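Coordinate analysis (summary)
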Amino acid sequence: MLMTEMTKEQLEGVLADAMSEYEGYKALGLALNMARGKPAADQLSLTKGMLDAVNSSSDCKALDGTDCRNYGVLDGIKDTKKIFCDMLGVADEELIVGGNSSLNLMYDTIARNYMFGVSKDSTPLKDQGKLKWLCPVPGYDRHFAITERFGFEMINIPIGENGPDMDMIEKLVSEDESIKGIWCVPMYANPTGITYSDETVKRFASLKPKAKDFRIFWDNAYCIHHLTDTPDTLLNILDECKKAGNDDMVYIFASTSKVSFAGAGVAVMAASKANTDYVKYHMTVQTIGFDKINQLRHAKFFGDFEGVKAHMKKHAAIIAPKFDAVIKALDENIKPLGIGSYNTPKGGYFIAFDTLPGCAKRVVALCKEAGVVMTGAGATFPYGKDPKDSNIRIAPTLPPIAELEQAMKVFITAVKIASAEVLLAK
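Everything numeric here is computed off the predicted structure, so don't read it as measured data.

**Digging into the overall build of the protein chain**
Regarding its fold elements, the protein chain presents 13 helices and 13 strands. Against the compact-globule benchmark of 22 Å for 426 residues, the protein chain has a radius of gyration of 23 Å, which places it among compact chains. Projected onto the principal axes, the alpha-carbon positions of the protein chain cover approximately 75 × 55 × 35 Å. Counting every position in the protein chain, which comprises 426 residues, the buried fraction comes to 55%. Of the contacts made within the protein chain by residues no fewer than 6 positions apart, 76% connect residues no fewer than 24 positions apart.

**Observations regarding the pairing of strand β3 (residues 132–137)**
β3 sits mainly inside the fold: six of its six residues count as buried. Here β3 shows no split at all, with Lys-132, Leu-134 and Pro-136 on one side and Trp-133, Cys-135 and Val-137 on the other all buried. Sheet topology note: the β3/strand β4 (residues 153–160) ladder contains six bridges and is parallel. Each bridged residue has a counterpart across the sheet, and for Val-137 the counterpart in β4 is Pro-158. As a crossover connection, the stretch from β3 through helix α5 (residues 141–149) into β4 is right-handed. Bridge count between β3 and strand β6 (residues 179–184): two bridges; the pairing is parallel. Residue pairing in the sheet places Lys-132 in a bridge with Ile-179 of β6.

**Let's talk about the packing of helix α4 (residues 102–116) against α5**
Any two packed helices are characterised by how steeply their axes cross, that is the angle between the axes, and by the distance between the axes. α5 packs onto α4 with a crossing angle of 25° between their chain directions and a minimal axis gap of 10 Å. Taken together, the axes of α4 and α5 lie roughly parallel to each other. In terms of crossing hand, the pair formed by α4 and α5 is right-handed. Contacts between α4 and α5 involve Leu-103, Met-106, Tyr-107 and Ile-110 on the former and, on the latter, Arg-142, His-143, Ile-146 and Thr-147.

**Quick look at the sheet that holds strand β8 (residues 250–255)**
Pairing is mixed in the open sheet, where eight strands are placed in the order β2-β9-β8-β7-β6-β3-β4-β5. Strands with a single pairing partner mark the edges of an open sheet, and in this sheet they are β2 (95–97) and β5 (163–164). Along the sheet face, helix α9 (residues 273–283) touches β2, β8 and β9 (267–270) and points at about 30° away from the line of β2.

**Details of the packing of helix α11 (residues 305–333) against helix α13 (residues 401–425)**
Interhelical geometry of α11 versus α13 gives an angle of 30° and a closest axis separation of 10 Å. In this view, α11 runs roughly parallel relative to α13, as classed from their interaxial angle. Remark: the crossing between α11 and α13 carries right-handed chirality. Touching Pro-321, Lys-322, Ala-325, Val-326, Ala-329, Leu-330 and Asn-333 of α11 are Ile-401, Leu-404, Glu-405, Met-408, Phe-411, Ile-412 and Lys-416, all from α13.

**Some details on the pattern of salt bridges**
Within this structure, the stated rule accounts for 24 salt bridges. With its nearest N and O atoms 2.8 Å apart, the salt bridge here joins Arg-69 to Asp-67. For the salt bridge of Lys-243 with Glu-240, the shortest nitrogen-to-oxygen distance reads 3.0 Å. In this pair, Lys-243 and Glu-240 are both assigned in helix α8 (residues 237–243), three residues apart and thus about one turn of the helix distant. Taking the relative accessible area as the measure of exposure, Lys-243 reaches 66% and is therefore exposed.

**Considerations on the side chain of Thr-276**
Locating Thr-276 in the fold gives a position in helix α9. The exposure class of Thr-276 is buried, given its relative accessible area of 1%. The residues touching Thr-276, leaving out its near neighbours within four places in the chain, are Glu-93, Glu-94, Leu-95, Ile-96 and Ala-271.

**Describing the sheet that holds strand β11 (residues 351–355)**
Reading across the sheet, the three strands line up as β10-β11-β13 and stay open at both edges, with antiparallel pairing between neighbours. Lying at the two open borders of the sheet, with one neighbouring strand each, are β10 (340–342) and β13 (391–394). Going from strand to strand, the sheet's axes swing by 25° on average, the running direction of each strand aside. Relative to β13, β11 is paired through four bridges, and the arrangement is antiparallel. Its bridge partner being in β13, Ile-351 is matched across the sheet by Ile-394. Most of the contacts of α11 go to β11, to which it runs at about 20°, and overall it touches β10, β11 and β13. Along the sheet, helix α12 (residues 360–369) makes contact with β11 and β13, crossing β13 at roughly 40°.

Cut-off values and rules
- Residue numbering note: each chain is counted from 1, following its sequence as written.
- Under the rules for a predicted model, residues below a pLDDT of 70 receive no local features and side-chain atom pairs below 80 are neither given nor counted, while totals for whole chains, interfaces and linings still include all residues.
- Side-chain measures here rest on the full set of heavy atoms in the structure, leaving out hydrogens and waters.
- Only DSSP runs of H or I with at least four residues qualify as helices, and only runs of E with at least two residues qualify as strands; both kinds are numbered from the N terminus onward.
- Here the globule rule is a power law, 2.2 Å times the number of residues to the power 0.38, and the radius of gyration is based on C-alpha atoms.
- We call a residue buried when its accessible area falls under 20% of the maximum for its residue type, exposed when it is over 50%, and partly exposed in between, using a 1.4 Å probe and counting protein chains only.
- By the convention used here, residues are in contact when the closest approach between their heavy atoms is within 4.5 Å.
- Two strands are counted as paired when DSSP detects at least two bridges linking them.
- Look down the strands so they point away from you; if the path from the first strand over the helix to the second goes clockwise, the crossover is right-handed.
- Between N-to-C directions, angles span 0 to 180 degrees; the directions come from axes that are lines fitted to C-alpha atoms, helices contributing only their stretch in contact.
- Here the word oblique covers every angle except those under 35 degrees (roughly parallel), over 145 (roughly antiparallel) and from 65 to 115 (roughly perpendicular).
- When the near helix sits turned anticlockwise from the far one by under a right angle, the crossing is termed left-handed; a clockwise turn instead gives a right-handed crossing.
- A side-chain nitrogen of Lys or Arg and a carboxyl oxygen of Asp or Glu constitute a salt bridge if their distance falls within 4 Å.

Structure below.
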């Protein structure tokens with residue numbers, strides 16, 4: 001029976017039973033963490049062979065003879081570039097291989113545009129007065145933290161099963177010159193797990209922003225993180241931008257942070273040649289070059305993009321059962337009561353759960369008190385403010401399944417308590 005249809009007496013009974021269960025969980029002294037989308041130890045162990053991929057000075061040369069121990073090759077060695085070019089569907093001159101963090105590349109890109117403008121002949125963002133940024137929600141908290149740090153006013157854009165609300169985006173960018181960009185996680189989005197439809201990608205590529213320096217930040221972090229044998233597909237945004245005459249409007253980012261070693265992967269940025277030339281113009285005074293030996297390790301270990309895809313199937317074999325365990329627990333315990341909605345993603349690292357309005361903070365607090373740490377309620381919205389206080393990001397990947405199942409019992413009990421409390425207060 002749906003809890004929203006229960007009588008006061010029935011709700012009180014549900015609350016009493018749930019509180020009894022909850023006290024039992026608190027007594028266990030649990031210490032379980034589902035706060036961030038970290039790879040599990042057995043996922044990291046999949047690439048332990050990479051540590052031996054370059055094991056002597058004679059191994060340190062790229063295929064073109066570049067000595068990876070030395071300075072130079074600002075935009076990355078060809079061996080590694082080829083893998084990412086195939087992965088993202090871009091040309092060699094459209095790709096820059098960076099350090100270990102795509103978030104760092106995104107931060108640098110905004111900082112560069114802020115200080116110097118998007119091109120040599122554009123006005124720096126810092127000299128343009130009030131600045132605004134579009135933020136599909138729920139979204140990635142670290143994205144929002146960057147634009148908040150630079151003082152952008154962030155505007156919430158609702159996201160649905162096909163992507164962000166394009167009617168709203170088209171209207172806003174066509175009318176407001178102070179809107180300078182939008183965050184996008186287009187495939188297996190963080191945290192909703194949805195993939196942008198072909199129509200959505202084409203509409204992004206065909207935007208007609210009033211601000212000539214408006215840019216799409218296309219964080220394609222999960223483009224190879226499939227959980228099933230029938231993965232989603234995503235249209236190539238750079239190709240579509242070229243067709244629409246908006247070649248320079250998009251920056252694409254990706255990395256191997258959840259593919260190889262989370263703290264020692266390889267990150268890349270892709271864009272039009274005009275954009276990458278401009279980025280390299282500034283990089284020449286920023287760095288002598290990134291870690292080419294790490295780039296070479298990745299190239300030698302994976303070989304090519306086919307090797308990466310084969311490797312990702314090993315990841316899926318580890319984490320897909322964890323996603324299944326979460327969905328099973330929600331299907332059996334939440335769905336019949338009608339006190340939450342959630343997605344069943346085909347890839348990525350998260351499950352987005354929406355409580356009844358006004359319950360998310362209470363659920364997260366209850367979980368924490370019982371020893372289960374979740375991502376903070378509100379984190380998936382700019383400024384940490386969820387207007388409905390309903391969205392919670394579930395990150396299933398790090399805990400072993402036994403711990404995950406225990407954590408979900410606590411989570412479900414907390415949802416029941418918070419839901420009953422809200423319904424009884426009406």
